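Structure assessment
Each chain, letter by letter, is given below.
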Amino acid sequence: MKCFKYTDLALEKLENILVIIILTLMITMAFLQVILRNFFSNSIMWGDIFLRHLVLWIGFLGASLATREGKHINIDVLSRLLSPRFKRISGIIVNLFSSVVCFFLMRASIGFIIMEKESGTTLLSGIPTWTAQIIIAIGFGIMMFRFFVRALDLVAGDEATSQEDAK
C-alpha cells in the first residue's frame, strides 16, 4: 500500500511541475500571439494549434490533480444520509466503478492514439499529432490508478487518509 502512496506522491510532484511549465508556456505563447497580431499584423503560424494541445494537457493534468485531492465532480446526494459504515461501502463501490470507467476510457483513448499514429498526421515541424494527444490515455490511466488507490484505502479501513485525500 505504501508503494501506491509513494507512486501517487511522485506523480503529484511531476504533475505540479508540468502544470507550472505548461501554464507558463501558454501565457507566454498567447501573449506573444496577441502582440504579434496587434502590432505587427503577423503571428506564429502553429501557435494556435500548439495552444489548443496545451489546453488539452492542462485539462487532463488538472483533472488528475482534482481526482487526487477528491475535488472532482461527484454527486453527493446519498452519502449525506448514509451511516459511516454504509458511506464507506458506498465509497468503495463508487471508487471501484470510477476506476473501471477510467480503464475503459483509457483503453478507448489508446485505440484513438493508435489510429492517429497510423494516419501519420503531423502537428507542427514534423512532430506527430499522436504525441500531443497521448495525455488523454495517460490522464485516464492516472485517474484510474487514483480511484483504485482510494478504494483500497477504504477497504483497508484507512478512512482518515481517504477523507484527508478527499479534502
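Look above for the structure.
1. Some remarks on the packing of aromatic side chains
Summed over all chains, the structure comprises four aromatic pairs. Pairing Trp46 with Phe50 gives two aromatic rings, centres 5.7 Å apart and planes at 85°, and the pair type is edge-to-face. Classification of Trp46 by relative accessible area gives partly exposed; the value is 34%. Judged by centre distance (5.2 Å) and plane angle (80°), the ring pair of Phe60 and Phe140 falls under edge-to-face. With Phe60 in helix H2 (residues 47-69) and Phe140 in helix H5 (residues 135-155), the pair connects residues that are 80 residues apart, well separated along the chain. The exposure classification of Phe60 matches that of Phe140, with both residues buried. Over the ring of Phe86 we find Arg85, and its NZ or CZ is 5.7 Å from the ring centre.

2. Description of the pattern of salt bridges
Counting across every chain of the model gives six salt bridges. The salt bridge partner of Arg146 is Asp8, with a shortest N-O separation of 2.5 Å. With Arg146 in helix H5 and Asp8 in helix H1 (residues 2-40), this residue pair connects regions lying 138 residues apart in the sequence. The buried category is assigned to Arg146, whose relative accessible area is 4%. Shared partners join several salt bridges into a network, and the residues in it are Asp8, Glu12, Glu15, Arg68 and Arg146.

3. Focus on the nonpolar core
Core analysis: the largest hydrophobic core is formed by 20 residues, its most contacted members being Ile22, Phe60, Phe140 and Met143. Of all the secondary structure elements, the ones that give two or more residues to this core are H1, H2, helix H3 (84-119) and H5. In contact with Phe140, other than residues within four places in its own chain, are Phe60, Cys102, Leu105, Met106 and Ser109.

About the thresholds
- Residues numbered from 1 in each chain as written.
- Predicted model: local features only at pLDDT ≥ 70, side-chain atom pairs only at ≥ 80, totals over all residues.
- Heavy atoms only, no water.
- Phe/Tyr/Trp six-rings, centres within 6.5 Å; stacked < 30°, edge-to-face > 60°.
- Buried < 20%, exposed > 50% of the residue type's maximum accessible area, 1.4 Å probe, protein only.
- Helix = DSSP H or I, 4+ residues; strand = E, 2+ residues; numbered from the N terminus.
- Lys NZ or Arg CZ within 6 Å of the ring centre and 35° of its normal.
- Salt bridge = Lys/Arg side-chain N within 4 Å of Asp/Glu carboxyl O.
- Core = buried A, V, L, I, M, F, W, Y, C linked by side-chain atoms within 4.5 Å.
- Contact = heavy atoms within 4.5 Å.

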